[in-house]
Amino acid sequence: MSVKYIPVQWNPNKWAYNAAMLGGVGAFLWIFLYITPEALSHERPINAQIHNARAFGACAFVMLTVILCIGPLARLDPRFLPLLYNRRHFGVMTCVVALTHFSYILGWYFAFSSQGGLYGLLIANTSYGQIAGFPFEAFGIFALLCLLVLAATSHDFWLKFLTPPVWKRLHYLVYAAYAAVIGHVSLGILQDQQNHVLTAIVIGSAALVGGLHLAAAWKDRAARAGGSGWMPVGTASEFAEGRAIITRLPSGDRVATFLLDGQLSAIANACAHQNGPLGEGRIVDCLVTCPWHGFQYDVRTGRSPAPFTETVPTYRLRANGNTVEVHSDANPPGTPTKPLPLGALT
Amino acid sequence: MDNAQFLLTAATVWLWIGAAVALVFLAWGIDRVDEDARGAYVFRPLLIPGILLLWPLVLYRWWAIEVEAAPWLARYRPVRGAHPAAAMLMCAAMALLLAVGLTARQPWPDHIEPVQIGGPGQ
């Protein structure tokens, strides 16, 4: 099975997502620049370049905060999953906003450096041995480099070329970037004690991101603590024809249990192509279609239809009273399994 | 050459090597390592920034695929184990940086009345 690369795989959901995101960015900048200068301690006269730099810097900080909240929110509550699936566009936009902040800073504070703005930025403050007056710009440069790497490797090609494990580890850089942004703000603008509103916003944002991640990690830890064996999937009334229930296993992997023609079958939730969420795909003629790129699998065998050769692991199911249970040990990819009739549940 | 000049020169060399790798990889190598890229050209300019930044990783992956050093099944194994550790490290770093930043703040002298400074000779 093959899907030729194109620049962006647009669909109506992505258009709506991007429209909402761009509208939000525009609204934030407009409010920051024109509505609330007093609340942001801009009552003292500052020029347009500094005002713009602060607006774009604040916008990038808020966007990165939202991005980092989406992941744990989706793990805590599946209703946030639609926000997760187009997050890469959000990330690229955040990088663009951060670059704009950077260009305003260079264009104002270092515009007349004899050897260029970048050189001026690097030599302006080199007091790395002290906390008060620490060159907070270094944190900003590091965060911007992280965002550039993340944005530059956001195309589907990179996920396949680098492989999901390497790509995922590379994208852990977002955590380092956010911590660096906190350092950039904490040792930079927060040193101005007049602005307690900003201090509260930054501390609140960091607490929100950290708290959500710790809550999601705690939930994952609780789910993984069960060990291997039979695990509950759901009761008969919870299944809908042609749809799946997704179960998290102690290993961290997910299983999608589908109801098809009154019979239940379970396969791995991760598509063999790029780990797309099969459990959220539709079933057409016994084949579940991955919502990301359209790869298809027979839910009873975990195999793509001939002549394609992709396979995913299958899982054993059993009835325990009115509850369907799945065994946490996966069958080898492509192993046919006997479906469990829904009528077997009592 | 001072440290700043060294960093900028190193970055320039890095990007020029990346540009050379991007030229060769996008014109020739990508068709060898990914069947989905064969006949697809419009998306390739989008890969240039990533190759400029990560060209050593690109060369390594290209080599690994050419010599089939990457087992097929391992490529599709989801990674979740390190997620909590990464989140905890981020939380610790944020708490440390905020604490250091707030501790280093100096009191604003708002309790001192401003004094008009006279000019020379006054």
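Fair warning: this is a prediction, and the values are worked out from it, not measured in the lab.

Cut-offs applied
- By convention here, each chain's residues receive numbers from 1 onward along its written sequence.
- The naming scheme follows written order: chains are lettered A onward, ligands numbered 1 onward.
- A pLDDT threshold of at least 70 governs which residues receive local features in this predicted model, and a stricter bar of 80 or more applies before side-chain atom pairs are shown or counted, although totals over entire chains, interfaces and linings include all residues.
- Numbered from the N terminus, helices here are DSSP runs of H or I no shorter than four residues, and strands are runs of E no shorter than two.
- Residue pairs are scored as contacts if the distance between their C-beta atoms, which are placed from the backbone, is within 7 Å.
- Buried means a residue has 20 or more other C-beta atoms within 10 Å of its own C-beta, exposed means 12 or fewer, and partly exposed covers the counts in between; C-beta atoms are placed from the backbone.
- A fitted line through C-alpha atoms serves as each axis, taken over the contacting stretch for helices, and the angle formed by two N-to-C directions is quoted from 0 to 180°.
- An angle below 35 degrees is treated as roughly parallel, one above 145 as roughly antiparallel, one from 65 to 115 as roughly perpendicular, and anything else as oblique.
- Here a crossing is called left-handed whenever its near helix is offset anticlockwise from the far helix by less than a right angle, and right-handed whenever the offset is clockwise.
- Residue polarity is assigned by list, with Asp, Glu, Lys and Arg as charged and Ala, Val, Leu, Ile, Met, Phe, Trp, Tyr, Cys and Pro as nonpolar; anything else, Gly included, falls into the polar class.
- Working definition: the nonpolar core is a set of buried Ala, Val, Leu, Ile, Met, Phe, Trp, Tyr and Cys residues, joined through C-beta atoms within 7 Å.
- Confidence scores labelled pLDDT are given residue by residue by the predictor and lie between 0 and 100.
- We call two strands paired when DSSP finds no fewer than two bridges between them.
- Any helix carries an expected span of 1.5 Å times its number of residues minus one.

Right, let's get into the overall build of chain A. For chain A, the helix and strand inventory stands at 10 helices and 11 strands. Reported as C-alpha extents along the three principal axes, the dimensions of chain A are approximately 75 × 40 × 40 Å. Considering only intrachain contacts with a sequence separation of at least 6, the fraction spanning at least 24 residues in chain A is 56%.

In terms of helices and strands, chain B carries 3 helices and 0 strands. Along chain B, helices (α) and strands (β) appear in the sequence α-α-α when read from the amino end. In chain B, which comprises 122 residues, the proportion classed as buried is 16%.

Attention now goes to the packing of helix α2 (residues 48–76) of chain A against helix α4 (residues 87–109) of chain A. Residues and elements named next belong to chain A. Running from N to C, α2 and α4 point in directions that differ by 155°, and their axes come no closer than 8 Å. When the axis of α2 is compared with that of α4, the two are roughly antiparallel. Where α2 crosses over α4, the handedness of that crossing is left-handed. Split by residue class, the contact of α2 with α4 holds 16 nonpolar, 8 polar and 1 charged.

Residues A:L147, A:Y178, A:V181 and A:I182 are the most contacted members of the largest nonpolar core, which totals 65 residues. Broken down by element, the residue count for this core peaks at 11 residues, all from α2(A). Excluding its chain neighbours within four sequence positions, the residues that come into contact with A:Y178 are A:L64, A:L68, A:V209 and B:M90. Listed in part, the 31 residues of the second largest apolar core include A:V255, A:L259, A:Y297 and A:V299.

A separate point is the confidence of the model for chain B. Confidence along chain B averages 85 in pLDDT terms, with 84% of residues attaining 70 or more. The ipTM for the predicted assembly is 0.85, set against a pTM of 0.82.

Think of two packed helices as two axes; the pair is described by the angle between the axes and how far apart they sit. All names here are of chain B. Direction vectors running N to C along helix α1 (residues 3–33) and helix α2 (residues 48–66) enclose 50°, while the axes themselves pass 8 Å from each other. Classified by the angle between their axes, α1 and α2 sit oblique to one another. Here α1 and α2 pass one another in a crossing that is left-handed. Together, L15, I17, G18, A19, V21, A22, F25, G29 and V33 of α1 and I48, I51, L52, L53, W55, V58, L59, W62 and I65 of α2 make up the contact between the two elements. Taken together, the residues of the contact of α1 with α2 break down into 16 nonpolar, 2 polar and no charged.

Moving on to the interface of chain B and chain A. Taken together, the contact between chain B and chain A spans 44 residues of the former and 52 residues of the latter. Contributions of two or more residues to the side of chain B that touches chain A are made by α1, α2 and α3 (83–104) of chain B. Among the elements that line the side of chain B that touches chain A, the one with the most residues is α3(B), at 13 residues. Taken together, the residues of the side of chain B that touches chain A break down into 30 nonpolar, 6 polar and 8 charged.

Residues and elements named next belong to chain A. For strand β4 (residues 263–268), the tally of buried residues reaches 5 of 6 residues, placing the bulk of the element in the interior. When strand β3 (residues 254–260) meets β4, the two strands line up antiparallel, connected through 6 bridges. Residue pairing in the sheet places L260 in a bridge with Q263 of β4. Linking two consecutive strands that pair antiparallel, namely β3 and β4, is a turn of 2 residues; a positive phi of about 55° is found at D261 within it. The pairing of β4 with strand β11 (residues 340–341) spans 2 bridges and is classified as antiparallel. Of the residues in β11, the one forming a bridge with L264 is L340.

Turning next to the sheet that holds strand β1 (residues 230–235) of chain A. Residues and elements named next belong to chain A. Pairing within the open sheet is antiparallel, and its 3 strands lie in the order β1-β10-β9. Strands with a single pairing partner mark the edges of an open sheet, and in this sheet they are β1 and β9 (317–320). Mean inter-strand twist for the sheet, computed between neighbouring axes without regard to direction, equals 35°. Where β9 meets strand β10 (residues 323–327), 4 bridges bridge the pair, whose relative direction is antiparallel.

Moving on: the sheet that holds strand β7 (residues 296–298) of chain A. Residues and elements named next belong to chain A. Read from one edge to the other, the open sheet built from 3 strands follows the order β5-β6-β7, with strand pairing classed as antiparallel. Unpaired on one side and paired on the other, β5 (282–284) and β7 mark the two borders of the sheet. Direction aside, the axes of adjacent strands within the sheet are offset by 35° on average.

What you tend to see is this: most non-glycine residues have negative phi, and most peptide bonds are trans. Residue and element names in this part refer to chain A. One non-glycine residue, D261, adopts positive backbone phi at about 55°. Mapped onto the elements of the fold, D261 is located in the loop between β3 and β4. D261 sits in the exposed class, given 11 other C-beta atoms within 10 Å.

Another point: the environment of A:I50. Residues and elements named next belong to chain A. By the element assignment, I50 lies in helix α2. Assessed through the 14 C-beta atoms surrounding it within 10 Å, I50 is described here as partly exposed. Once the C-alpha coordinates of I50 and H101 are considered, the two residues, 51 residues apart in sequence, prove to be 9.5 Å apart.

Once that is clear, we can look at helix α6 (residues 137–152) of chain A. Counted at 1.5 Å a residue, the expected span for α6(A) with its 16 residues is 22 Å, and the 22 Å between its end C-alpha atoms agrees. Those residues of α6(A) that fall on the buried side of the exposure criterion are A:F139, A:G140, A:A143, A:L144, A:C146, A:L147, A:V149, A:L150, A:A151 and A:A152. Those residues of α6(A) that are buried are in contact with α4 and α9 (173–186) of chain A together with α2 of chain B.

Structurally, A:N18 can be placed in helix α1 (residues 12–35). A C-alpha to C-alpha distance of 9.5 Å links A:N18 and A:M93, two positions 75 residues apart in sequence.

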